[in-house]
Amino acid sequence: MSVAFSLIIPAYNEAERLPPYLAAVRAYLADVYPDAHEVLVVDDGSTDGTRERVTAAAGQWPALRLVCHGRNQGKGAAVRTGMMAACGEVRLFADADGATPIAEQGRLRAALDAGADVVVASRLLDAVGVRRERHWFRRLTGWAFTALVRGLLPTSVRDTQCGFKMFRRPAAERLFALSQEDGYVFDLELLILAEQLGYRLAEVGVNWTEIPGSKLHMSREWRKILAGVWRIRRRLRTQKTA
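Undergrad: I keep staring at the pattern of salt bridges and nothing clicks. Help me out?
TA: Where charged atoms from two side chains of opposite charge come close, those side chains can pair. Enumeration according to the criterion identifies 15 salt bridges in this entry. With a shortest N-O distance of 3.1 Å, Arg91 and Glu173 are connected by a salt bridge. Placement of Arg91 in strand β4 (residues 90-94) and of Glu173 in helix α6 (residues 169-178) is noted, with a sequence separation of 82 residues between them. When the shortest N-O distance is used, the salt bridge between Asp159 and Arg123 registers 2.8 Å. A residue pair is termed long-range when its members are at least 10 positions apart, and Asp159 in the loop between α5 (136-152) and β7 (164-168) and Arg123 in the loop between β5 (118-122) and β6 (132-133) qualify at 36 residues. Arg123 matches Asp159 in its accessibility class, with the two residues each being buried. Here the salt bridges share partners, and the residues they tie into one network are Glu89, Arg91, Arg169 and Glu173.

The structure is reproduced here in structure tokens:
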């Protein structure tokens, strides 16, 4: 049977946060995409038992697959591996913490059905029935990153970093084959590529709740993040002069 929907979940040391999310995903997809879905967890070199937890779940859930990186390569690399291994006509990647409930895929799918090729979940756009719970400091750093990006790079998307994005199969395969960023700013690179290649983008407000245990610590990672933004900017300049 063909796969209508693929969910890709990048995971690095998510033995505690991932299992509850997988349980919610299983119940939801059995209802919405019965017998026509797959879930790919891409373990990005975890050392905390994440692989064992997913393997145990997969023993009772044929639609669940585990793909493993031998070493930690970064979230962007994990999402790329999952997208290129997926079979679905519609492909969504979601963060392992479940900050965006899986039911929010319905909002993104509606935008895809309306004609978009790539749909971005947003914590900044308002929508009917949408609520967000986010610590003020993360909200502040998110705003600062958005201001920086929009000043340096050509993107119309307001919330480039929400870990919940949906793609039509042709767009996913082309964009991830072209992408080069392995870390935090991979989303940004993908969205800029999508706009350059003429794909139709939509940004949709979603429910979102901050979940404790984030692996991203801006105080330690900001240099890597700025370096990634600069790499993308440099590649864009090279493309223009080539």
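Undergrad: I would appreciate a short explanation of the pairing of strand β1 (residues 5-11) in the present structure.
TA: Within a regular strand, the side chains alternate between the two sheet faces. Burial analysis of β1 places seven of its seven residues in the buried class, which makes it a mostly covered element. Of the crossover connections in this fold, the one passing from β1 over helix α1 (residues 18-32) to the parallel strand β2 (residues 37-44) is right-handed. When β1 meets β4, the two strands line up parallel, connected through four bridges. For Ser6, the partnering residue across the bridge sits in β4 and is Arg91.

Undergrad: Where do I start with the side chain of Glu104 in this structure?
TA: Locating Glu104 in the fold gives a position in the loop between β4 and α4 (105-113). In this structure the side chain of Glu104 is engaged in a polar contact, spanning 2.9 Å, whose partner is the backbone nitrogen of Asn207. Setting aside residues no more than four positions away along its own chain, Glu104 makes contact with Phe164, Val206 and Asn207.

Reading guide: rules and limits
Residues numbered from 1 in each chain as written. Predicted model: local features only at pLDDT ≥ 70, side-chain atom pairs only at ≥ 80, totals over all residues. Heavy atoms only, no water. Salt bridge = Lys/Arg side-chain N within 4 Å of Asp/Glu carboxyl O. Helix = DSSP H or I, 4+ residues; strand = E, 2+ residues; numbered from the N terminus. Buried < 20%, exposed > 50% of the residue type's maximum accessible area, 1.4 Å probe, protein only. Right-handed = clockwise from strand over helix to strand, strands pointing away. Pairing = 2+ DSSP bridges. Polar contact = N/O pair within 3.5 Å; in protein donor to acceptor, adjacent residues only side chain to side chain. Contact = heavy atoms within 4.5 Å.

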